[in-house]
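Spelled out from the first residue to the last, the chains are:
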Amino acid sequence: MVGRALRFTLWTASVLAVAGYARLAWCALRAGGPPSPLEAAVLEHAVRMASAQPIFRDPGGGSPVALMPLFSFVVSGLVRMFDPHPWEPRLVTVLAALAAAAIVAVVVQRETRHATLGVASGALLLVGQGFAAGMANGPESLSLLLVLAGCLALRYASGIAGGMLAAFPMAAACFTHPAGLWFAIAALFHLAEHDRRRLAAFAASLALLVGFVHAGLSVQLGPWFNFYAWDISLRALQLDPIALVGYLGRQLLGIWGVLALATVLSCAMPVRPWRGAVGIWTWMGLAALGAGIASTQSATGAADALRPAVVALAIVGPISVQRVTQHLATWPGSSQVVGQAVVMAALALQFLALLAHLPRVL
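The sections below set out a description of the structure shown in this document. Keep in mind that this is a model prediction, so the values were computed, not measured.

**Brief notes about the packing of helix α6 (residues 140-156) against helix α7 (residues 159-174)**
Here's step 1: The geometry of α6 relative to α7 is characterised by a closest axis approach of 8 Å and an angle of 170° between their N-to-C directions. When the axis of α6 is compared with that of α7, the two are roughly antiparallel. On the side of α6, the interface is formed by S143, L146, V147, A149, G150, C151, A153 and L154, while α7 contributes G162, G163, L165, A166, P169, M170, A172 and A173.
Here's step 2: A per-class count over the contact of α6 with α7 returns 12 nonpolar, 4 polar and no charged.

**Overview of unusual backbone geometry**
Here's step 1: Not every positive phi belongs to a glycine, and D83 is a case in point at roughly 70°.
Here's step 2: Looking at the element boundaries, D83 is found in the loop between α3 (69-82) and α4 (87-112).
Here's step 3: Non-glycine residue R113 carries a positive phi angle of around 55°.
Here's step 4: By the secondary structure assignment, R113 is in the loop between α4 and α5 (115-132).

**Re the packing of aromatic side chains**
Here's step 1: Under the counting rule described, the total for this entry stands at 6 aromatic pairs.
Here's step 2: Relative to F225, the ring of F56 has its centre 5.9 Å away and its plane inclined at 55°; by these criteria the two rings are tilted. Here the residue F56 occupies a position in the loop between α2 (37-50) and α3, and F225 occupies one in helix α10 (residues 224-235), the gap between them amounting to 169 residues. Here F56 and F225 have matching classes, each one buried.

**Remarks on α4**
Here's step 1: With 26 residues, α4 should cover 38 Å at 1.5 Å per step; its first-to-last C-alpha distance of 37 Å lies within 8% of that length.
Here's step 2: Positive phi appears at R113, one or two residues downstream of α4, with a value of about 55°.

**Considering the side chain of T325**
Here's step 1: Summarising the element assignment, T325 is placed in helix α13 (residues 307-329).
Here's step 2: A relative accessible area of 9% places T325 in the buried class.
Here's step 3: Within the structure, the side chain of T325 is placed 3.0 Å from the backbone oxygen of V321, a separation counted as a polar contact.
Here's step 4: For T325, the side chain forms a polar contact with the main-chain oxygen of Q322, separated by 3.0 Å.

**So, the state of the cysteines**
Here's step 1: One pass over the structure, following the stated rule, counts 0 disulfides.
Here's step 2: Here C267 is not cross-linked by a disulfide; its sulfur's nearest cysteine counterpart is in C151, at 17 Å.

**Regarding the environment of P308**
Here's step 1: Its place among the elements puts P308 in helix α13.
Here's step 2: Under the relative-accessibility criterion, P308 is labelled buried at 0%.
Here's step 3: Residues P308 and P270, 38 residues apart in the sequence, show an inter-C-alpha distance of 28 Å.
Here's step 4: Sequence-distant contacts of P308, defined by excluding residues within four places in its chain, comprise E140, L144, F183, A288 and A291.

**Considerations on the layout of surface pockets**
Here's step 1: The space that makes up the second largest pocket amounts to roughly 330 Å³.
Here's step 2: Lining the second largest pocket are 16 residues; nearest its centre among them are T263, G285, L286, L289 and L313.
Here's step 3: The set of elements that each furnish at least two residues to the lining of the second largest pocket consists of α11 (241-266), α12 (280-296) and α13.
Here's step 4: In terms of residue class, the lining of the second largest pocket is built from 13 nonpolar, 3 polar and no charged.

**Comments concerning helix α9 (residues 196-221)**
Here's step 1: The end-to-end C-alpha distance of α9, which contains 26 residues, comes to 36 Å, matching closely the 38 Å that a straight helix rising 1.5 Å per residue would cover.
Here's step 2: Where α9 is concerned, the buried positions are R198, L199, A201, F202, S205, L206, L217 and L221.
Here's step 3: Where α9 is buried, its residues contact α3, α6, α7, α8 (180-194) and α10.
Here's step 4: For α9, the N-terminal capping position is held by D195, with its side-chain oxygen 3.2 Å away from the main-chain nitrogen of R197.

**Digging into the packing of α4 against α6**
Here's step 1: Contact geometry of α4 with α6 gives a least axis separation of 8 Å together with a crossing angle of 25°. Taken as axis vectors, α4 and α6 run roughly parallel relative to one another. Where α4 crosses over α6, the handedness of that crossing is left-handed. Judged by residue contacts, T93, A96, A99, A100, I103, V104, V107, R110 and E111 of α4 engage S141, L142, L145, L148, L152, R155 and Y156 from α6.
Here's step 2: Of the residues belonging to the contact of α4 with α6, the class tally is 11 nonpolar, 2 polar and 3 charged.

The rules behind the values
- Residues numbered from 1 in each chain as written.
- Predicted model: local features only at pLDDT ≥ 70, side-chain atom pairs only at ≥ 80, totals over all residues.
- Heavy atoms only, no water.
- Axes fitted to C-alpha atoms, helices over the stretch in contact; angles between N-to-C directions.
- Helix = DSSP H or I, 4+ residues; strand = E, 2+ residues; numbered from the N terminus.
- Parallel < 35°, antiparallel > 145°, perpendicular 65-115°, else oblique.
- Contact = heavy atoms within 4.5 Å.
- Nonpolar A, V, L, I, M, F, W, Y, C, P; charged D, E, K, R; others polar.
- Phe/Tyr/Trp six-rings, centres within 6.5 Å; stacked < 30°, edge-to-face > 60°.
- Buried < 20%, exposed > 50% of the residue type's maximum accessible area, 1.4 Å probe, protein only.
- Expected span 1.5 Å × (residues − 1).
- Polar contact = N/O pair within 3.5 Å; in protein donor to acceptor, adjacent residues only side chain to side chain.
- Disulfide = S-S within 2.5 Å.
- 1 Å grid on protein atoms, 1.4 Å probe; cavity = no way out; pocket = protein on both sides within 12 Å on 5 of 7 lines; lining within 4 Å.
- Points joined across faces, edges and corners; volume = space filled by probe spheres on them.
- Left-handed = near helix turned anticlockwise from the far one by under 90°.

As structure tokens, then:
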């Protein structure tokens with residue numbers, strides 16, 4: 001009876017979360033008024049791409065926005081068809097978030113063999129992306145989608161071909177948002193611990209792709225490419241311990257404390273969560289933590305500090321909860337049925353924690 005009630009609760013919460021995100025996304029797409037500075041910069045670059053003009057140029061004493069070229073390149077396809085409008089980068093962001101949620105749902109369902117947990121995980125990601133992290137319309141959502149694609153290839157595509165295949169979306173993520181580098185490095189650590197044979201293939205492919213593409217873009221787009229891609233972000237770095245504590249204590253633990261605590265507890269399991277093929281998701285979580293911490297130490301990226309952690313915890317959190325409960329279920333007097341109920345109860349509590357923060361965002 002309790003298990004059925006929890007399952008019904010999670011499915012209801014998931015449906016409401018998807019509906020709420022759809023409404024929020026629709027309002028963002030329909031919103032009038034001038035675009036944000038980031039949207040204006042993306043549209044400006046997209047217009048130049050669509051008209052075959054130089055993308056990066058001297059800002060002329062203004063306030064330039066740090067931008068990698070891939071997100072603007074995707075938006076330029078819409079610009080060619082509909083002329084520049086603020087809804088175009090927003091649409092790309094919404095579609096990337098929906099695709100990421102679908103991938104998260106499939107991954108959690110496959111790893112836990114529980115459809116309810118998969119659906120709830122995808123819905124949690126949408127709640128976190130749309131409400132707790134805000135409906136920002138920038139390149140990070142697309143970058144995280146590409147990271148998920150790379151991790152999928154490392155997890156489920158076998159052999160050297162799988163390692164080489166994963167290098168393509170990982171390299172693309174690096175040219176969408178600088179945070180992609182954190183996940184590419186984490187993938188290297190995962191393969192170094194799990195599969196040295198694929199490590200060489202992935203590392204060589206990634207180095208060739210990132211190196212040659214970066215060199216080609218530097219030549220093709222001129223000296224201002226490195227300024228917009230790297231220099232602005234590096235110059236914005238600053239030591240801010242208060243922002244770091246706020247991120248870890250108020251945002252990460254305060255909003256996502258249930259899944260974050262379960263992830264920490266899973267590290268005490270006999271089989272360490274970062275080992276084996278499934279360990280890729282733990283390494284992804286570590287990369288998300290590093291990317292979030294780096295964002296808090298930037299004058300321009302602090303607003304998006306939680307976004308990578310939302311995607312990572314939506315996967316590694318439910319998997320960690322199930323691992324812990326399955327281990328406890330082997331003790332005398334415990335059962336697998338009770339363990340599954342505890343997993344669903346943990347996700348229901350995480351939904352509650354997220355809902356408690358909605359009035360502060362909306």
